[in-house]
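Close look at the chain arrangement
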Amino acid sequence: MKVDINTYKEIHRPTYILEEEKLRGNLSLIKSVADRTGVEIILAFKAYALWKTFPIFREYIGSTTASSLSEALMAYSKFGNKAHTYSPAYTDYEIDEMARCSSHLTFNSLSQYGRLHECVRRANQSVSIGLRVNPQYSEVGTDLYNPCAPGTRFGVTADKLPERLPEDIEGFHCHCHCESGADVFERTLAHIEDKFSPWFAQLKWINFGGGHLMTRRDYDVERLVRVLRAFRERYPHLHVIMEPGSAFAWQTGPLVAQVVDVVEDGGISTAIVNVSFTCHMPDCLEMPYMPAVRGAEVVPDGPHGDTLYIYRIGGNSCLSGDFMGSWRFDHELQVGENIIFEDMMHYTTVKTNTFNGISHPSIAMVKAGSHELEVLRSFSPVDYIERMD
């Protein structure tokens, strides 16, 4: 089926839609940064894990990063390569299999390293072992996403590192960004070097984690290139790795939903749609942030009367707070019409849940050039009922 990507008028049920042309645009930019700097940029599954699109990714990148056994197995079986693996805490009953599926495996603490590194080495003699470090500096403004907030459970601070690292620790992993710019990375890098450069001579690689939103329209790509080239000139022996998640899928497609009802209370009109913020767009409530809605503008929340085409949008779960608002439309919303939530391919399909038994939206891809819609996966109540079979 060919679709109109401006209105998606052919779509009548909830659907996440990946636009291949936009995805390839992001991949091309990311590959160009990697090629120009000699840095390895890999895909973090925690933001995007649609494995049916991995053949496209393999044209541009060679590796992925995993944070669980499930993700490591997916990297190995679906992406076709061993993962760069990190977990806050590995379990005795999964560590062997995770090591076998990993090219790199990073420990979160020296205590985990001490207990499990020999198991990792027995399971995979060629795996490169790393340690997550904490520079005690981050410009992430939301504590929920700040890995360097006081009392964090992530990484080892410089004062707790031995002067001489254990012989089989070959790399440092440092993640302290969230949808950040190149200027933030440059400032953060100064803190990383100040804290940890005394150990760099003992390492083979350093992983600067995710949160580098290099595909955002206002991102200063040239500044990033300069910063990375300068770092590599200072430490030419270090293999540099970055593992953004959002950057790959940023602005690559919407979630298309439909209006099911319009209700009013206290001067507030709410358009109830057949998707849920808490089930299908959880970052909107967790971050929180207002998603862009095609054809509408964000206005201050609160009563507006019933003549201005201003609506809250409410999800179809029983959670009282499953709503956002307010948006101004240019017409009165009608039952059955599409509501298009922009930029819904990252941190959505990987975080959806079945609270209230609400079915997941379908997942589809619009082919580049042809605008043909390919449904990658559809869901039904059977998926909920039989999920424990």
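This text goes with the structure placed above it.
Attention in this report is confined to the structure presented alongside it. In this text, all values refer to a predicted model and were calculated from it rather than measured experimentally.

Bringing the nonpolar core into the picture now. Soluble, globular proteins show a tendency: their nonpolar side chains are buried together. Formed by 99 residues in total, the largest nonpolar core has its most connected members in Phe 172, Phe 200 and Phe 341. At 6 residues, helix H7 (residues 221-234) tops the list of elements feeding residues into this core. What Phe 200 contacts, discounting residues up to four positions off in sequence, is Phe 172, Ile 192, Glu 193, Ile 206, Phe 231, Tyr 235, His 237 and Leu 238.

With that settled, the discussion passes to helix H5 (residues 110-123). Taking 1.5 Å of rise per residue, 14 residues should cover 20 Å, and H5 covers 19 Å from first to last C-alpha, within 8% of that figure. Along its length, H5 shows its largest kink, about 50 degrees, at Leu 116. Summarising the contacts, the buried residues of H5 are in contact with helix H4 (95-100), strand S6 (102-107), strand S7 (128-132) and strand S8 (169-173).

Burial along strand S16 (residues 338-341) is two-sided: the face carrying Asn 338 and Ile 340 and the face carrying Ile 339 and Phe 341 are both buried. Of the strand pairs in this sheet, strand S11 (residues 255-265) and S16 are connected by 4 bridges, and their pairing is antiparallel. From the neighbouring strand, Val 256 faces S16, where its bridge partner is Ile 340.

Our focus in this paragraph is the sheet that holds strand S9 (residues 205-207). Strand pairs in the sheet, formed through backbone hydrogen bonds, run parallel or antiparallel to each other. Pairing in this open sheet of 9 strands is parallel, and the strands run S2-S10-S9-S8-S7-S6-S5-S4-S3 from one edge to the other. Edge strands, defined here as strands with exactly one partner in the open sheet, are strand S2 (40-41) and strand S3 (43-44). With 4 bridges joining them, S7 and S8 adopt parallel strand pairing. Bridged to Leu 131 within S8 is Phe 172. Taken strand by strand, H7 contacts S9 and strand S10 (239-242), and its axis lies near 150 degrees from that of S10.

Conventions adopted
Counting from 1, residues in each chain are numbered in the order their sequence is written. At least 70 in pLDDT is required for a residue's local features to be given in this predicted model, at least 80 for side-chain atom pairs to be given and counted, and no such filter applies to totals for whole chains, interfaces and linings, which use all residues. Working from all heavy atoms in the structure, the side-chain values ignore hydrogens and water. Residues grouped as a nonpolar core are buried Ala, Val, Leu, Ile, Met, Phe, Trp, Tyr and Cys residues, joined through side-chain atoms within 4.5 Å. Summary of the burial criterion: residues with accessible area below 20% of their type's maximum are buried, those above 50% are exposed, and those between are partly exposed, where the area comes from a 1.4 Å probe applied to protein chains only. Helix and strand definitions follow DSSP, with helices as H or I runs of at least four residues and strands as E runs of at least two, each counted in order from the N terminus. Residues count as neighbours in contact if any of their non-hydrogen atoms are within 4.5 Å of one another. The length a helix should cover is 1.5 Å for every residue beyond the first. We define the bend at any residue as the angle between the axes fitted to the seven residues before and including it, ending there, and the seven starting there. Paired strands, in this sense, are two strands between which DSSP finds at least two bridges. Every axis in this analysis is a line fitted to C-alpha atoms, fitted for helices over the stretch in contact. Angles between the N-to-C directions lie between 0 and 180 degrees.

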